[in-house]
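Spelled out, the chains give:
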Amino acid sequence: MSSEPGLPGVDALRERIDECDATVLRAISSRFEAVEAIGRLKREAGVAVLQPRRRQEVIDRYRAVGVAAGLSDAFAEALALLVLEEAHRIEEEVAAGGASG
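These numbers come from a predicted model, not from an experiment.

### Here's the deal with the packing of helix α1 (residues 10-45) against helix α3 (residues 73-95)
- Between α1 and α3, whose axes approach to 8 Å, the crossing angle comes to 40°. Classified by the angle between their axes, α1 and α3 sit oblique to one another. Crossing of α1 over α3 shows right-handed handedness. Facing Arg 31, Phe 32, Val 35, Glu 36, Ile 38, Gly 39, Arg 40, Lys 42 and Arg 43 of α1, the residues of α3 in contact are Val 83, Leu 84, Glu 86, Ala 87, Ile 90, Glu 91, Val 94 and Ala 95.
- The residue makeup of the contact of α1 with α3, split by class, is nine nonpolar, one polar and seven charged.

### Side note on the nonpolar core
- Of all hydrophobic cores here, the largest spans 11 residues; its members are Phe 32, Val 35, Val 58, Ile 59, Tyr 62, Ala 80, Val 83, Leu 84, Ala 87, Ile 90 and Val 94.
- The set of elements that each furnish at least two residues to this core consists of α1, α2 (52-68) and α3.
- In terms of residues, this core owes the most to one element, α3, which gives six residues.
- What Phe 32 contacts, discounting residues up to four positions off in sequence, is Val 83, Glu 86, Ala 87 and Ile 90.

About the thresholds
Residues numbered from 1 in each chain as written. Predicted model: local features only at pLDDT ≥ 70, side-chain atom pairs only at ≥ 80, totals over all residues. Heavy atoms only, no water. Axes fitted to C-alpha atoms, helices over the stretch in contact; angles between N-to-C directions. Helix = DSSP H or I, 4+ residues; strand = E, 2+ residues; numbered from the N terminus. Parallel < 35°, antiparallel > 145°, perpendicular 65-115°, else oblique. Left-handed = near helix turned anticlockwise from the far one by under 90°. Contact = heavy atoms within 4.5 Å. Nonpolar A, V, L, I, M, F, W, Y, C, P; charged D, E, K, R; others polar. Core = buried A, V, L, I, M, F, W, Y, C linked by side-chain atoms within 4.5 Å. Buried < 20%, exposed > 50% of the residue type's maximum accessible area, 1.4 Å probe, protein only.

Here's what the structure looks like:
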């Protein structure tokens, strides 16, 4: 990391951002491990991967938690949709008998 002239403290703030990014990515990875396990359970039970009611619950929760944390409603929903898209891909892959990744 290199300091920028005229921006004292920027390096420390960027380091904080990098730590936050790593925390977010580890949390998402943990979430997808649970998604993969759910995919296996759904496959064994013959349950459809996509559960529209659950999907809407997740979107609503992201929006509520995001707004409470000071994020825009639109950003929280967009993030939820991105996470759900990958979760759906993982579950579909597991349902087809493959391993995710």
